[in-house]
Amino acid sequence: MSRRSQIELDESGRRALLDEARTLVLGTILPDGRPHVVPMWFVLDAEGLPLLTSYAPSQKVKNIRRDPRVTALVEAGSSYGELRGIIIDGRCEIIEGDRERTRAVMEAIGRRYGAEASPEAARPARQSPKRVVLRLHPERFRSWDHRLLGAP
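Residues numbered from 1 in each chain as written. Predicted model: local features only at pLDDT ≥ 70, side-chain atom pairs only at ≥ 80, totals over all residues. Heavy atoms only, no water.

1. So, the sheet that holds strand E7 (residues 131-145)
To keep things clear, this is the line we draw: A pair of strands is treated as paired once DSSP finds two or more bridges between them. Under the DSSP-based scheme used, a helix requires at least four consecutive residues in state H or I and a strand at least two consecutive residues in state E, with every element numbered from the N terminus. Only heavy atoms enter the contact rule, under which two residues are in contact if any of them lie within 4.5 Å. What counts as an axis is a line fitted to C-alpha atoms, over the stretch in contact for a helix, and the angles between N-to-C directions run from 0 to 180 degrees.
Here we have 7 strands laid out as an open sheet, ordered E2-E1-E5-E6-E7-E4-E3, and antiparallel in their pairing. The sheet is open, and its two edges are formed by strand E2 (35-40) and strand E3 (43-44), each paired on a single side. Relative to E7, strand E4 (residues 50-55) runs antiparallel, the two sharing 5 bridges. Across the sheet, residue leucine 52 finds its bridge partner in E7, namely leucine 134. Running at roughly 55° to strand E1 (residues 24-29), helix H3 (residues 59-66) makes contact with E1, E2, E4, strand E5 (69-76), strand E6 (84-95) and E7 of the sheet. Packing of helix H4 (residues 99-113) onto the sheet brings it into contact with E3, E4, E6 and E7, and relative to E4 it is tilted by some 105°.

Right under this line is the structure:
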């Protein structure tokens, strides 16, 4: 058995890490082909797909409009033996014009992270018309959990 297969997370392990993780690092593609990488707060929808919000004119949204391919990283652990992570390659859907859904996602993010941590999350009614929802549709997962190797 390869070391890679020993540390790969199954679906329940991936979901547990997504439930626990605080930040999703989203990578989109700039017009010149370079990556545009930003840390984002997120929640999971009923299907377990990451939902994020962003201002409609942001660079990441412009990038997704032009090319919906994205890569996202979620990771945890402070020492080598604790490292866990998921890389999600997929496509990002932009959901716009649905103020109620945008507000609901913003409120869910506010509950998850604490409204005081984000001025936008504290004011979803005022902010929702300016924002869109980003829904990540995974096509491939790469994952690892060094804890599965046991103590060194």
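2. Quick look at the packing of aromatic side chains
Cut-off, in case you're wondering: Ring geometry is summarised as follows: Phe, Tyr and Trp rings, the Trp one being its six-membered ring, pair when their centres sit within 6.5 Å, and such pairs are stacked at plane angles under 30 degrees, edge-to-face over 60 and tilted between the two. The rule is simple: take the accessible area with a 1.4 Å probe, protein chains only, and divide by the maximum for that residue type; under 20% is buried, over 50% is exposed, in between is partly exposed. Only Lys NZ and Arg CZ are tested; either one counts as a charge over a ring when it is within 6 Å of the ring centre and within 35 degrees of the ring normal.
Tallying each qualifying case throughout the model produces 1 aromatic pair. Pairing tryptophan 41 with tyrosine 113 gives two aromatic rings, centres 4.3 Å apart and planes at 5°, and the pair type is stacked. Pair noted here: tryptophan 41 is in the loop between E2 and E3 and tyrosine 113 is in helix H4, with a separation of 72 residues, a long-range link. For tryptophan 41, a relative accessible area of 30% translates into the label partly exposed. Over the ring of phenylalanine 141 we find arginine 14; its NZ or CZ atom is 4.1 Å from the centre of that ring.

3. Re the environment of arginine 14
Take arginine 14: it is sitting in helix H2 (residues 11-20). On the basis of relative accessible area, arginine 14 is assigned to the buried category, the value being 17%. As for arginine 14 and phenylalanine 141, which are separated by 127 residues in sequence, their C-alpha atoms are 8.9 Å apart. Those residues in contact with arginine 14 that sit more than four places away from it in its chain are Leu9, Ile86, Phe141 and Ser143.

4. Focus on the pattern of salt bridges
Test applied: For salt bridges, the criterion is a side-chain nitrogen of Lys or Arg within 4 Å of an Asp or Glu carboxyl oxygen.
This structure, assessed with the given rule, holds 12 salt bridges. One salt-bridge network, held together by shared partners, links Asp45, Glu47 and Arg135.

5. A short note on the side chain of threonine 28
In plain terms, the rule: Polar contact is defined as a pair of N or O atoms within 3.5 Å, subject to the rule that within protein one atom must be able to donate a hydrogen and the other to accept it, and that residues adjacent in sequence are counted only when both atoms are side-chain atoms.
With respect to the helices and strands, threonine 28 occurs in strand E1. The class for threonine 28 is buried, based on a relative accessible area of 2%. Polar contacts involving the side chain of threonine 28 include one to the side chain of asparagine 63, which spans 2.8 Å. Excluding residues that lie within four positions of it along the chain, threonine 28 makes contacts with Arg34, Pro35, His36, Lys60, Asn63, Ile64 and Val70.

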